[in-house]
Amino acid sequence: MCKECEKKTFYITTPIYYPSGNPHIGHTYTTVACDSIARYKRMQGYDVMFLTGTDEHGQKIEQKAKEQGVTPKQYVDEIVAIFKKLWEYMNINYDRYIRTTDDYHVESVQKIFKALYDKGYIYKGEYKGKYCTPCESFWTESQLVDGKCPDCGREVIEAAEEAYFMKMAPFAERIEKLLTETDYLRPKTRAVELVNNFLQPSVDENGNKTYGLEDLCVSRTSFSWGVPVTFDPGHVVYVWIDALSNYITALGYENGAFDDYKTYWPADVHMVAKDIMRFHAIIWPAMLMGLEQPLPKHLAVHGWITFNGQKMSKSLGNVVDPFILGERYGVDAIRYHIMREMALGADSSFSNEIMINRINTDLANGLGNLVSRTVAMIDKYFGGTLPAEREEGDFDADLIAVATALKAKVDNYVENTQLNLALEEIFKLVSRANKYIDETTPWILGKDESKKARLATVLYNLLESIRIASTLLSAFMPGTMPKVFEQIGAVDCATYENADKFGVLPLDVTVKRGEALFPRIDVEKEIEELNTIIKNNEPKPEPAFELPEHKAEIAFDDFEKVELRVAKVLACEKVKKSKKLLKFTLDDGEGERIILSGIAEYYDPEELVGKNIAYVANLAPRKMMGIESRGMILSAESGDGLKVVTIDDSILPGGSLV
Ligand code: ME8
């Protein structure tokens, strides 16, 4: 409960993302989902704290900054600006943004680390293990998949260094109970996998329960871009204690920057994808148990957005740019699509075709059409303002029942972090209303003067259904729904409180036609264009070496002046006192020819003997180091120096190249 406003509080968090590359549609999903829940809860009257941010320390960031010749802070500042720009663009209404480089966070993490150390949960040891650099994760042999990182599938390296560790055994039993006996984990079905893979409970010969849960490495010495351990210089706090603490440091835990810890903690929902479920399901509760703090209420774990079967990720490069998609279809269409596609706990494959079809079916033909048809008919038959007379008829009761039951269902789905089901339910009302138009045939009623009251009732019922659907949708599509309220004359009454009531709009409501909410997309044309954009956005393979500059164009006549011929290398030796020159004795078909070539650093002289080479035969003779060279051997510039152009053995010496 918030002391000041006496409202019930609701605290929701996204993961803090790594600014090691630009945000993509995967990050967008989690953030949009949390934003929608936060908006819904605000609409329900909660005092909401919605936190997001960036996880800015670690070896990978340090490496990337070095590659670019900037400081790690300069490097992250630039990417954090892009994250913030994207959240603004996606209409993300967060209450706080935490950066792990913020002073207050650093101060708190140092205190948290010291507190766990003082309580005996952190100790010093040596870490030897398999380490995945991109994921910044140590893995045990048994956790590797085919010898590779189980998270990203890449090679791991052997690593050993002095490190602090956090004991896990004292917390294992409580964590097992948390996962299996409470509704902390969503979906709960994932508890089995966590318990078996990480907690690994077993009963020893004396009947005592033991756990295979390994201690966690919590400091590093091999890089410096991190929160320094105050009592042991040279160590920086290693990723998870730094990162996970953000959920409480952002509220002011162990720092003076904020005073919200008592108000909002414990969090109601931490939302993450499955890649970091383990850390939030095991390590985070262990840390809080160690600190003797209350545990968060729920951990909602969603799957990955995949693209062509692979996890969409910064490192794989197969990213779909939310800015590009938003520009083409509108931010709300993207928000809708990703939330409608992703079911809690399962992966969702991103496809342009599914997205465009979904936008067309649900938004353009479904909701958009319902609004534009209803408003257009009120305009056509009543000049934009309904008369107050009413006449009930068939189908009304069913439509009203669906509409008034919706809010409770959506509440329940949002409460359980099942946003795809919430949206599906809202669109059942949209479909029901569209069907009601077909059933009541207002265009026929419109032809009959005596049916005006019935027609007004039908159109009013449609407006009310739209009001209810769009009010509940406004948490998910906050940019578009106010436009709907305006069109249906519901600006003042489209409130959550009214969302389970029918008959809220004034009987003589006035509507206002507006632009199409979701324009229909030409599927084939659009897919073609999108594929081209994605292809053009794919990172181009780096050239193996810097390609040489092109020379100015020459006329064919000029080219014809050059006489290129084939010769066989009879002998080759280094030119005395020259580091560069090799002396070639060639069979040029007419006799022996000596040519000097400056390729000594790339070849042992005997390497080329017996080979056919190409040479410029009519170059004026030139004396070097006292030897006359008659011509020039053709070599190609390659990534690692010059390579002699060799010619097929079957060509006889003296043959000319034309
Ligand atoms: O893991 N599909 O940061 P991160 C769905 N800094 N969601 C995806 C996704 C995809 N393909 N790719 C990323 C980290 N996400 C740590 C977190 S928290 C204390 C520290 C989303 O930049 C999803 O929410 O790798 C996932 O959990 C998160 O981004 C990982 O972001």
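Please refer to the structure higher up on the page.
Chains are numbered independently. Their residues run from 1 in the order of the written sequence. Residue-level local features of this predicted model are given only where pLDDT is at least 70; pairs of side-chain atoms are given and counted only at 80 or more, and the full residue set underlies all totals for whole chains, interfaces and linings. Heavy atoms throughout the structure, all of them, feed into the side-chain values; hydrogens and water do not.

> How do you make sense of the overall build of the chain when you look at a structure like this?
Helix and strand assignments follow DSSP, with helices taken as H or I runs no shorter than four residues and strands as E runs no shorter than two, numbered in order from the N terminus. From N to C terminus, the chain includes 20 helices and 28 strands. Since a compact globule built from 658 residues should have a radius of gyration of about 26 Å, the 35 Å found for the chain marks it as more spread out than a globular shape. C-alpha atoms of the chain, sized along the principal axes, occupy 115 × 80 × 50 Å. Think of it in three bands: residues with accessible area under 20% of the maximum for their type are buried, residues over 50% are exposed, and the middle band is partly exposed, with areas taken using a 1.4 Å probe on protein chains only. Considering the chain as a whole, with its 658 residues, one finds that 53% of them fall into the buried category. Using a 1.4 Å probe, the Shrake-Rupley method yields the accessible areas, and only the shown protein chains count as cover for residues. Carbon and sulfur atoms provide 49% of the accessible area of the chain, an area that totals close to 30500 Å². Here the chain holds 77 positive side-chain charges and 99 negative ones, and the gap between their average locations is 1 Å. Our radius of gyration looks at C-alpha atoms and nothing else; its globule reference is 2.2 Å times the residue count to the power 0.38. Within this scheme the basic residues Lys and Arg register as positive and the acidic residues Asp and Glu register as negative, but His and the chain ends are omitted. Charge coordinates come from a single atom per side chain, which is NZ of Lys, CZ of Arg, CG of Asp or CD of Glu.

> I keep staring at the site of the ligand and nothing clicks. Help me out?
If you check the shell around the ligand, you find 25 residues, and the closest are Ile 16, Tyr 18, Thr 30, Asp 55 and Ile 305. Throughout this description, a polar contact denotes any pair of N or O atoms lying within 3.5 Å of each other; where both atoms belong to protein, one of them has to be capable of donating a hydrogen while the other can accept it, and for residues adjacent in sequence the pair is counted only when both atoms sit in side chains. Thr 30 is positioned such that a nitrogen or oxygen atom in its side chain is 2.7 Å from an oxygen atom of the ligand. At a separation of 3.0 Å, an oxygen atom of the ligand approaches a polar backbone atom of Ala 273. Relative to its free-state accessible area of 670 Å², the ligand is covered by the protein chains to the extent of 96%. We call a residue near a molecule or strand whenever a single non-hydrogen atom of that residue lies within 4 Å of it.

> Would you explain the sheet that holds strand β15 (residues 305–307) in this entry?
Pairing between the strands of a sheet is mediated by backbone hydrogen bonds and can be parallel or antiparallel. The strand order across the open sheet built from three strands is β16-β15-β17, with neighbouring strands paired in mixed fashion. Edge positions in the sheet fall to β16 (310–311) and β17 (348–349), since each of these pairs with one other strand and no more. Both β15 and β16 contribute to a ladder of two bridges, which runs antiparallel. Bridge assignment links Thr 306 to a residue of β16, and that residue is Lys 311. If DSSP finds at least two bridges between two strands, the strands pair.

> Mind showing me how you'd approach the layout of surface pockets here?
Vacant regions in the atomic arrangement are exposed by a probe of water-molecule size rolled over the atoms. Cavities and pockets are defined on a 1 Å grid built over the protein atoms alone: a cavity is a set of grid points where a 1.4 Å probe fits but cannot escape, while a pocket is an open set with protein on both sides within 12 Å along at least five of seven lines, and lining residues are those with an atom within 4 Å of any such point. Grid points are joined across faces, edges and corners, and a volume is the space filled by probe spheres set on the points. Of the pockets and cavities examined, the second largest pocket occupies roughly 630 Å³. Along its surface, the second largest pocket is lined by 22 residues, and Lys 551, Met 632, Ile 633, Leu 634 and Ser 635 are the ones closest to its centre. Elements with a contribution of two residues or more to the lining of the second largest pocket: β20 (592–597), β22 (622–624), β24 (632–633) and β25 (635–638).

> When you look at the pattern of salt bridges in this model, what are you seeing that I'm missing?
Between side chains of opposite charge, a pair can form when the charged atoms approach closely. When a carboxyl oxygen of Asp or Glu lies within 4 Å of a side-chain nitrogen of Lys or Arg, that pair is called a salt bridge. Throughout the structure, instances matching the rule amount to 45 salt bridges. Put simply, Asp 268 and Lys 297 hold a salt bridge, and the shortest N to O gap is 2.9 Å. Taken together, the positions of Asp 268 in the loop between α9 (261–264) and β13 (269–273) and Lys 297 in the loop between α10 (277–290) and β14 (298–302) put the pair 29 residues apart, joining distant regions of the chain. For Asp 268, a relative accessible area of 10% puts it in the buried group. What makes Lys 297 partly exposed here is its relative accessible area of 40%. A salt bridge links Arg 340 to Glu 424; the shortest N-O distance between them is 3.9 Å. In this pair, Arg 340 is assigned in helix α12 (residues 331–341) and Glu 424 in helix α15 (residues 419–440), connecting sequence segments 84 residues apart.

> Help me understand the packing of helix α1 (residues 25–43) against helix α3 (residues 72–89) in this model?
Geometrically, a packed helix pair is captured by the angle between its two axes and the distance between the axes. Structural elements are reduced to axes, namely lines fitted to C-alpha atoms, with helices fitted over the stretch in contact, and the angle between N-to-C directions of any two is expressed from 0 to 180 degrees. Between α1 and α3, whose axes approach to 11 Å, the crossing angle comes to 55 degrees. As far as their axial angle goes, α3 and α1 are oblique. Judged by the twist between their axes, the crossing of α1 over α3 is right-handed. Residues His 27, Thr 28 and Thr 31 of α1 form the contact with α3, whose own contacting residues are Phe 83, Leu 86 and Trp 87. Note on angle classes: values under 35 degrees are labelled roughly parallel, values over 145 roughly antiparallel, values of 65 to 115 roughly perpendicular, and the remainder oblique. It is the rotation of the near helix from the far one that decides the hand of a crossing: anticlockwise by less than a right angle makes it left-handed, clockwise makes it right-handed. Should any heavy atoms of two residues lie within 4.5 Å, those residues are considered in contact.

> Just to check I follow, could you spell out the sheet that holds strand β7 (residues 185–186) for this structure?
The sheet built from six strands is open, its strands ordered β3-β2-β1-β13-β14-β7 with parallel pairing. The open sheet is flanked by β3 (96–99) and β7, the only strands paired with a single partner. Bridging between β13 and β14 involves five bridges; their strand directions are parallel. Each residue of the ladder has a partner; that of Met 271, found in β14, is Ala 300. α1 rests against β1 (9–17), β2 (47–54), β13 and β14 of the sheet, and its axis sits at about 170 degrees to β1.

> Got a minute to help me understand the pairing of β20 in this structure?
Consecutive side chains of a regular strand alternate in pointing toward one face of the sheet and then the other. Sheet topology note: the strand β19 (residues 582–587)/β20 ladder contains six bridges and is antiparallel. Of the residues in β20, the one forming a bridge with Thr 585 is Ile 594. Linking β19 back to β20 in an antiparallel pair, the connection comprises four residues, with Gly 589 at a positive phi of about 95 degrees.

> What should I look at first to understand a nonpolar patch on the surface in this one?
Nonpolar side chains (Val, Leu, Ile, Met, Phe, Trp, Tyr) are joined into patches within 5 Å and like charges within 9 Å, using only residues with over 30% relative accessible area and no salt bridge. Together, Ile 554, Phe 556 and Phe 559 give the surface a local cluster of nonpolar side chains, amounting to about 340 Å² of exposed area. Note on placement: Phe 559 falls in helix α20 (residues 556–560). The class for Phe 559 is partly exposed, based on a relative accessible area of 39%.

> How do you make sense of the packing of aromatic side chains when you look at a structure like this?
Aromatic pairing here means that ring centres of Phe, Tyr or Trp (its six-membered ring) are within 6.5 Å. Orientation follows from the plane angle: under 30 degrees is stacked, over 60 is edge-to-face, and everything else is tilted. For the structure shown, the criterion picks out 26 aromatic pairs. A centroid spacing of 6.0 Å and a plane angle of 80 degrees characterise the contact between Tyr 40 and Tyr 496, whose relative ring orientation is edge-to-face. One end of the pair, Tyr 40, is in helix α1; the other, Tyr 496, is in the loop between α18 (481–487) and α19 (523–537), with 456 residues separating them in the sequence. An aromatic cluster is built from Tyr 11, Tyr 247, Tyr 253, Tyr 261, Tyr 264, Trp 265 and Trp 284, whose rings are joined through pairwise contacts. One residue, Lys 407, lies across the ring of Tyr 496, its end atom 3.9 Å from the ring centre. Lysine NZ or arginine CZ positioned within 6 Å of the ring centre and within 35 degrees of the ring normal marks a charge as sitting over the ring.

> What exactly am I supposed to notice about the pairing of β1 here?
In terms of residue burial, β1 counts as a mostly covered element, since nine of its nine residues are buried. Bridge analysis of β1 against β2 gives seven bridges, and the strand direction is parallel. Across the sheet, Thr 13 pairs through a bridge with Leu 51, a residue of β2. By the criterion used throughout, a crossover qualifies as right-handed when its path from the first strand across the helix to the second strand runs clockwise, the strands pointing away from the viewer. Handedness of the β1-α1-β2 crossover: right-handed. With two bridges connecting them, β1 and β13 associate as parallel partners. By the bridge assignment, Ile 12 is partnered in β13 with Val 269.

> I keep staring at the state of the cysteines and nothing clicks. Help me out?
Chemically, a disulfide is nothing more than a covalent bond linking the sulfur atoms of two cysteines. Disulfides are defined in this document as cysteine sulfur pairs within 2.5 Å. Scanning all chains against the criterion turns up zero disulfides. In this structure Cys 132 is not part of a disulfide, and its nearest cysteine sulfur, from Cys 149, lies 3.6 Å away. A relative accessible area of 0% places Cys 132 in the buried class.

> What's the story with helix α5 (residues 169–181) in this structure? I'm lost.
Side chains that are three or four residues apart share a direction in an α-helix, a result of its 3.6 residues per turn. Multiplying 1.5 Å by the residue count of a helix minus one yields the expected span of that helix. With 13 residues, α5 should cover 18 Å at 1.5 Å per step; its first-to-last C-alpha distance of 19 Å lies within 8% of that length. Turning to α5, its buried residues number three or more, namely Phe 171, Ala 172, Ile 175, Glu 176, Leu 178 and Leu 179. Taken end-on, α5 shows its buried residues confined to a sector of 165 degrees, consistent with a single buried face. Picture the helix axis, draw a direction to every C-beta atom, and the arc is the one those directions span.

> How should the side chain of Ser 597 be read in this particular structure?
Mapped onto the secondary structure, Ser 597 falls in strand β20. Owing to a relative accessible area of 7%, Ser 597 belongs among the buried residues under this scheme. The residues touching Ser 597, leaving out its near neighbours within four places in the chain, are Lys 580, Leu 581, Leu 582, Phe 584 and Ile 633.

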